[in-house]
Structures are given as C-alpha cells and as structure tokens.
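Overview (structure and organization)
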Amino acid sequence: MNIKENLKNIHNNIPENVTLVAVSKTKPVADLQEAYNAGQRVFGENKIQEMVEKFEVLPKDIKWHMIGHLQSNKVKYMANFVDLIHGVDKFSTLKEINKQAQKHDRIINCLLQAKIAKEDTKFGLSFEDIEEILNSSELKDLENIKIVGFMGMATFTDNQEQLNEEFSALNTFFEVQKLKTVSKNCQLNTLSMGMSGDYQLAIENGSTMIRVGSSIFGSRNYN
Ligand SMILES: *Cc1c(COP(=O)(O)O)cnc(C)c1O
C-alpha cells in the first residue's frame, strides 16, 4: 500500500471541485501522517473517541469530519474542533450540537443523513423527515449550527443500476431543496456520497464530497 500513490490516483480521477475525505478509521496515526505529508488535509473518522485522540497528536490544520453514527452524549468531546458532521439523523442531535458549539462560540457545519439504501440496517432520515427539519421554525433558533447539505450511503451491492438510482434520487432531492431552503443557518452546497467502491458513480450523480477509506489506506480488519 502506497498511500501517496493512492491519493494521487484518486485525485487524477475526480474533478477538482469534489472534496476527498480520507476515511482513516481504525488506521494508525502514522498512516494519517503519511497522507498529510502527501497533502491531504480532510480526514473522516466514525468514532468520536478515536477522532479526538488523533486530533490531539496530528497537525492542527487538519479538517476533521465525523462520518459515523452520532451518540448525542459524546458530541461535547469534539465540539471544539470538528469541521463537519456528516451523520445527523435526528433533530434532537442538531439541538445538542448547537448547545455544545455555543459553549465554544463556534458554528458547526452539519449534513443531514438521508436514507437512500434499500437495506434495513442503514441509519438516516426519509426525504419527508428532512423537509420537516428544514422547514421547522425551531431550526432558526439554532444559531450555532449550519446545515450545509446531505449525506447518503448507498446499498452495499455491485448492482450499478441500483446504486445509480439511489444516488440519483438523493441528488434530485438535493437540487430541489437547495433552491427552496435558504436561511442563515441552512445553506445547502454539499452532497456527501460515494465511497471506495462507488465514488465514480456518485460523482456522475452530483456528489461534491466523497468519503474514501480502503482505496487510500488499504482494507480494514474491523469497522
Ligand atoms: C468506512 C466508511 C467509508 C469508507 O469506506 P471505504 O469503502 O473504505 O471507502 C465511507 N463512509 C462511511 C460513513 C464509512 O463509515
């Protein structure tokens, strides 16, 4: 595994306006440092504890993205530094993020996680639930968060047609909401979809941010 080469290959294959999040969960700090030395600045982790430990020892100009399912009671540990939270799928979580961000006098960017996969196991909100959140009057009171877009995880399958359908549905919804929903703490400009196996297809379907782990750092033994 050559992390630098892998990053170069991916960058050669994606448009410049697409942000590459290097998903470094379970990987040792040395691997992240190697990616950093090759120019990578955006890293994604799925456990708050692990992200905090890595944040503490790595350079401070790294942008840390929380991509995992959120436990509200742990939001406080990352509120002082997290750059973007991808996996928000409850209004109560937005309130907790707002509360913790306020303590640090920060505005934390969030993505609402949409359920696009056909599988039962994936977290996420239905499009109706997302609309309800975006239109709720309570949202305007959350002055220390900003909803900047949506995140989606497609079904774990090789079926390109199905993946295409799932990505395309979220992109269509995103494009509509982008025009409809504009307020101080809601400006939709980010669509986070696509992982190692499906990022090309996701980009064809409008993704502006891909979350790539194994194609950069090699396979993981556990998640
Ligand atoms: C692990 C993970 C990824 C990266 O998966 P790869 O297949 O290794 O690229 C992307 N998004 C989320 C939410 C993840 O948990």
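Identification of the protein chain as Pyridoxal phosphate homeostasis protein from Polaribacter cellanae is taken from an unreviewed UniProt entry. Its UniProt record gives the protein chain a comment under Cofactor (unreviewed entry), which states: "pyridoxal 5'-phosphate". For the protein chain, the Sequence similarities (unreviewed entry) comment in UniProt is given as "Belongs to the pyridoxal phosphate-binding protein YggS/PROSC family."

A closer look at the site of the ligand
The environment of the ligand is made up of Val 23, Lys 25, Ile 67, Met 151, Met 153, Met 195, Ser 196, Arg 211, Val 212, Gly 213, Ser 214 and Arg 220. At a separation of 2.6 Å, an oxygen atom of the ligand approaches a polar side-chain atom of Ser 196. The contact in question runs from a nitrogen atom of the ligand to an N or O atom on the side chain of Arg 211, over 2.9 Å. In isolation the ligand exposes 390 Å². Once the protein is present, 90% of that is buried.

Comments concerning the packing of aromatic side chains
A full pass over the atoms with the stated rule returns five aromatic pairs. Where Phe 55 meets Phe 81, the ring centres are 3.8 Å apart and the plane angle is 10°; that geometry is what we call stacked. One end of the pair, Phe 55, is in helix α3 (residues 48-57); the other, Phe 81, is in the loop between β3 (63-66) and β4 (84-88), with 26 residues separating them in the sequence. No difference in accessibility class separates Phe 55 from Phe 81, as the two residues are buried. The interplanar angle of 75° and the centroid separation of 5.8 Å between the aromatic rings of Phe 150 and Phe 174 together place this pair among those described as edge-to-face. Of the two residues, Phe 150 is situated in strand β6 (residues 145-152) and Phe 174 in helix α6 (residues 160-180); the sequence distance between them amounts to 24 residues. A relative accessible area of 0% places Phe 150 in the buried class.

Thresholds, definitions, all that
- Residues numbered from 1 in each chain as written.
- Predicted model: local features only at pLDDT ≥ 70, side-chain atom pairs only at ≥ 80, totals over all residues.
- Heavy atoms only, no water.
- UniProt positions renumbered as here; feature names shortened; annotations may be inferred.
- Near = heavy atom within 4 Å.
- Polar contact = N/O pair within 3.5 Å; in protein donor to acceptor, adjacent residues only side chain to side chain.
- Areas by Shrake-Rupley, 256 points an atom, 1.4 Å probe, with all protein chains shown as cover.
- Phe/Tyr/Trp six-rings, centres within 6.5 Å; stacked < 30°, edge-to-face > 60°.
- Helix = DSSP H or I, 4+ residues; strand = E, 2+ residues; numbered from the N terminus.
- Buried < 20%, exposed > 50% of the residue type's maximum accessible area, 1.4 Å probe, protein only.

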